[in-house]
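Results of the structural survey
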Amino acid sequence: MLVNGDHVGHKMEKHALMEQVAHQTIVMQFILELAKSLKVDPRACFRQFFTKIKTADQQYMDAFNDELESFKGRVRERAKVRIEKALKEYEEEERKKRLGPGGLDPVEVYETLPPELQKCFDSKDIEMLKETISKMDPKEASIYMKQCVDSGLWVPNAKDGLGADCAETEPVYEEAKTERGNQSTAS
């Protein structure tokens, strides 16, 4: 898919840019260290550094490469932490947007419902819902239906006949997106 190709290409470009900037950063660090040891202005020893790096012994090159890899590792770790933090913030914002009239998340409520109640919402079958509720312990059924109302999974009105709180109300269905794609549930 072109979009995925573009995403991968963009990611590769960012990775290459990070590699280049990391290399430049470590070069600057080594130039500053060389200038300090020679007691000269850093601008005066660029040529000396590049001459030294071309003719450097293995120990100097190993030190340079170790520092470069260590720096890139720190950059990757920091990027990972920032991405995770941004993802958590985004997920929390999305969760808050989903909250129903009673302050409950419809995705979380749906996932806590017994499978037989989930099937009712999946199929949007009012009669199946009434039948399932009637077979349950009244207290348990009342708790589940209150959670469904508070989350917006079920929006009662004048004729649905489900539970004491919702007597003689007509159901209204609304789509509630779940974490598992765009699966719909009835409300």
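Bear in mind the structure is a predicted one, so any value in this text is a computation, not a measurement. (Residues numbered from 1 in each chain as written. Predicted model: local features only at pLDDT ≥ 70, side-chain atom pairs only at ≥ 80, totals over all residues. Heavy atoms only, no water.)

The next point concerns the pattern of salt bridges. One pass over the structure, following the stated rule, counts 11 salt bridges. The partner of Arg 95 in a salt bridge is Glu 108, and the shortest N-O contact between them spans 3.0 Å. Taken together, the residues Arg 95 in helix α3 (residues 58-98) and Glu 108 in helix α4 (residues 106-112) connect sequence positions 13 residues apart. For Lys 135, the salt bridge is made with Glu 131, and the minimal N-O distance between the two is 3.1 Å. Of this pair, Lys 135 and Glu 131 both sit in helix α6 (residues 126-135), four residues apart, which is roughly one turn of the helix. (Salt bridge = Lys/Arg side-chain N within 4 Å of Asp/Glu carboxyl O. Helix = DSSP H or I, 4+ residues; strand = E, 2+ residues; numbered from the N terminus.)

Let's shift gears to the layout of surface pockets. The computed volume of the largest pocket comes to approximately 300 Å³. Residue assignment for the lining of the largest pocket shows that the elements contributing at least two residues are α1 (2-38) and α3. It is α3 that contributes the most residues to the lining of the largest pocket, five residues altogether. Here the lining of the largest pocket is built from residues that sort into four nonpolar, one polar and four charged. (1 Å grid on protein atoms, 1.4 Å probe; cavity = no way out; pocket = protein on both sides within 12 Å on 5 of 7 lines; lining within 4 Å. Points joined across faces, edges and corners; volume = space filled by probe spheres on them. Nonpolar A, V, L, I, M, F, W, Y, C, P; charged D, E, K, R; others polar.)

Looking at where Asp 105 falls in the secondary structure, it is placed in the loop between α3 and α4. Among the residues examined, Asp 105 registers a relative accessible area of 2% and is labelled buried. Within polar-contact distance, the side chain of Asp 105 engages the backbone nitrogen of Val 107 at 2.9 Å. Apart from residues lying up to four places away in sequence, Asp 105 is in contact with Arg 95, Arg 98, Leu 99 and Ser 151. (Buried < 20%, exposed > 50% of the residue type's maximum accessible area, 1.4 Å probe, protein only. Polar contact = N/O pair within 3.5 Å; in protein donor to acceptor, adjacent residues only side chain to side chain. Contact = heavy atoms within 4.5 Å.)

On to the packing of helix α2 (residues 46-54) against α3. Viewed as axis vectors pointing N to C, α2 and α3 meet at an angle of 110°, and their least axial separation amounts to 9 Å. One finds that α2 runs roughly perpendicular with respect to α3. Contacts from Phe 49, Lys 52 and Ile 53 in α2 reach Tyr 60, Met 61 and Phe 64 in α3. Tallied by class, residues from the contact of α2 with α3 come to five nonpolar, no polar and one charged. (Axes fitted to C-alpha atoms, helices over the stretch in contact; angles between N-to-C directions. Parallel < 35°, antiparallel > 145°, perpendicular 65-115°, else oblique.)

Together, Met 28, Phe 46 and Phe 50 make up a nonpolar patch on the protein surface, roughly 270 Å² of accessible area in all. Summarising the element assignment, Phe 46 is placed in helix α2. (Patch = residues over 30% accessible without salt bridge, like charges linked within 9 Å, V, L, I, M, F, W, Y side chains within 5 Å. Areas by Shrake-Rupley, 256 points an atom, 1.4 Å probe, with all protein chains shown as cover.)

On to α6, then. For α6, the complete set of buried residues consists of Ile 126, Leu 129, Thr 132 and Ile 133. Buried residues of α6, viewed axially, fall in a sector of 125°; they line one side. Seen from the open side of α6, the exposed residues pointing more than 90 degrees away from its buried face are Glu 127, Ser 134 and Lys 135. Buried positions along α6 lie against α5 (115-123) and α7 (138-151). The residue sitting at the N-terminus of α6 and contributing the capping side-chain oxygen is Asp 125; that oxygen lies 3.0 Å from the backbone nitrogen of Glu 127. (Arc of directions from axis to C-beta.)

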